Every structure is written in C-alpha cells, then in structure tokens.
Amino acid sequence: MEIKIDNLTGAEVIDLVGAHLHGMTLNSPPESIHALNLDQLRKPEITFWSAWKGKELLGCGALKELGDQHGEIKSMRTSSSHLRKGVARRLLEHIIEEAKQRGYHRLSLETGSMDAFIPARTLYASFGFQYCQPFSEYIEDPNSLFMTMEL
C-alpha cells in the first residue's frame, strides 16, 4: 500500500470523498455532520492522504492542525471494495506517526454516536483513543462522540 499526500483533484478521490459525504447523510442528521467537502479539505491547515495499491484507490484520511500541539483526524474513509482489509488501520498509523513528527501532544477526532460508526470507534479505541468532551469548536451533540489520545 502506498500512502501519499493528495491534492484532491483525481476522479477516484473526488468520488470517494463524495461517497464519504453521502454516507454521513445516511447516518446523521444534517446539523450533526462534520465531514468536510473538497474545498474544506484543501485548506492549508489540512493535510489529505490517499492510499493506493497500484492504480486502485483503497482509502483516504486527513489531519487538521488545531494548534502547535493538537491535531484532528478528518475524512477517514475506506473504499467499499476494500473494507476490513486493514486499510483504515494503516492510514490511522500513518496519520498518528505524522502527528508525532509534527510534535503534536494530542490527537482528537469526532465521530458519530450511531451503530453505523461502531467499527470506526472500535478501531480508534484499539489505538488508545479515549472518549472525551467536545474540543476545538465542537459542541455537545447526542449524535456525536469525541475521542482523543495523548501522543
């Protein structure tokens, strides 16, 4: 698997981000969706990676800088044909390593509270993420759960 910084212009990546956004609408009410669109993912404080096997897109993930010592995981998504093959785990390892190299002391994320998000929450917990209060600009929301880990 090759993980590389992506400029979000390729058709496969655009489609995967679109599928990610659509998936959020199926499981969360509009006011509780915090997934970023293409323009938001291109902001300078966000680094976006795509994972490939040859010319086949496996998944994506992003890291948003919240400050000098705090980052947020965004837009973790595995292509539907590659679910449960370790793609998300490898992307998460990559993002955590990058956060450490940047000198972050904390890495956080927001995810849904519904059953559809159990696999994601289980993955994050397996890496040591723990539930926490809302961070950054998030507010309490029964449809959102917040997780963090010290690096």
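Procedures and definitions
Residues numbered from 1 in each chain as written. Predicted model: local features only at pLDDT ≥ 70, side-chain atom pairs only at ≥ 80, totals over all residues. Heavy atoms only, no water. Pairing = 2+ DSSP bridges. Helix = DSSP H or I, 4+ residues; strand = E, 2+ residues; numbered from the N terminus. Axes fitted to C-alpha atoms, helices over the stretch in contact; angles between N-to-C directions. Contact = heavy atoms within 4.5 Å. Expected span 1.5 Å × (residues − 1). Buried < 20%, exposed > 50% of the residue type's maximum accessible area, 1.4 Å probe, protein only. Arc of directions from axis to C-beta. Phe/Tyr/Trp six-rings, centres within 6.5 Å; stacked < 30°, edge-to-face > 60°. Core = buried A, V, L, I, M, F, W, Y, C linked by side-chain atoms within 4.5 Å. Salt bridge = Lys/Arg side-chain N within 4 Å of Asp/Glu carboxyl O.

**Q** I'd like a rundown of the sheet that holds strand β7 (residues 144-150), residues and numbers included.
**A** What links the strands of a sheet is backbone hydrogen bonding, and the strands pair in either a parallel or an antiparallel sense. A sheet is described by the order of its strands in space; here seven strands give the open sequence β1-β2-β3-β4-β5-β7-β6, paired in mixed fashion. In this open sheet, the two edge strands, each paired with only one partner strand, are β1 (2-5) and β6 (130-132). Sheet twist, expressed as the average angle between the axes of neighbouring strands with direction ignored, equals 30°. In this sheet, strand β3 (residues 56-67) lies alongside strand β2 (residues 46-53) in antiparallel orientation, the contact comprising eight bridges. Paired with Ser50 across the two strands is Cys60, which belongs to β3. Of the strands in this sheet, β2, β3 and β4 (70-78) are in contact with helix α1 (residues 11-27), which crosses β4 at around 100°. Strands in contact with helix α3 (residues 87-101) are β1, β2, β3, β4, β5 (106-112) and β7; relative to β3, the strand with the most contacts, it is inclined by about 30°.

**Q** Describe α1, with residues and values.
**A** In this model, α1 (17 residues) spans 25 Å end to end at C-alpha, consistent with the 24 Å of a helix rising 1.5 Å per residue. Residues of α1 that are buried: Val13, Leu16, Val17, His20, Gly23 and Met24. Taken around the axis of α1, the buried residues stretch over an arc of 115°, which confines them to a single face. For α1, exposure combined with an orientation more than 90 degrees from the buried face picks out Ala11, Asp15 and Leu26.

**Q** So what about the packing of aromatic side chains? Which residues, and what values?
**A** Counting across every chain of the model gives four aromatic pairs. Here a set of aromatic residues connected by ring pairs shows up, and it is made of Phe135, Tyr138 and Phe146.

**Q** Before we move on, could you go through the nonpolar core and cite the residues and values that matter?
**A** Within soluble globular proteins, side chains that are nonpolar tend to cluster in buried spots. Ranked by size, the top nonpolar core spans 22 residues in total, and within it Ile73, Leu92, Leu107, Tyr124 and Phe129 carry the most contacts. Broken down by secondary-structure element, the contributors of at least two residues to this core are β2, β3, β4, α3, β5, α4 (118-126) and β7. When neighbours within four sequence positions are excluded, Leu92 is seen to be in contact with Ile73, Met76, Leu123, Tyr124, Phe127 and Phe129. Leu8, Val13, Ile46 and Cys60 belong to the second largest nonpolar core, which has 12 residues in total.

**Q** Tell me about the pattern of salt bridges, residues and numbers included.
**A** One pass over the structure, following the stated rule, counts five salt bridges. For Lys74, the salt bridge is made with Glu72, and the minimal N-O distance between the two is 3.6 Å. In terms of burial, Lys74 and Glu72 fall into one category: buried. In this structure, the salt-bridge partner of Glu150 is Arg106, at a minimum N-O distance of 3.2 Å. Separated by 44 residues along the polypeptide, Glu150 in strand β7 and Arg106 in strand β5 bring together distant segments of the chain. Overall, the relative accessible area of 60% leaves Glu150 in the exposed class.

**Q** Before we move on, can you summarise unusual backbone geometry with the specific residues and values?
**A** One non-glycine residue with positive phi stands out, namely Ser75, at about 55°. Assessed through its relative accessible area of 8%, Ser75 is described here as buried. Backbone geometry places Arg84, a non-glycine residue, at a positive phi of 60°. As for its placement among the helices and strands, Arg84 is situated in the loop between β4 and α3. Its relative accessible area of 79% is what places Arg84 among the exposed residues.

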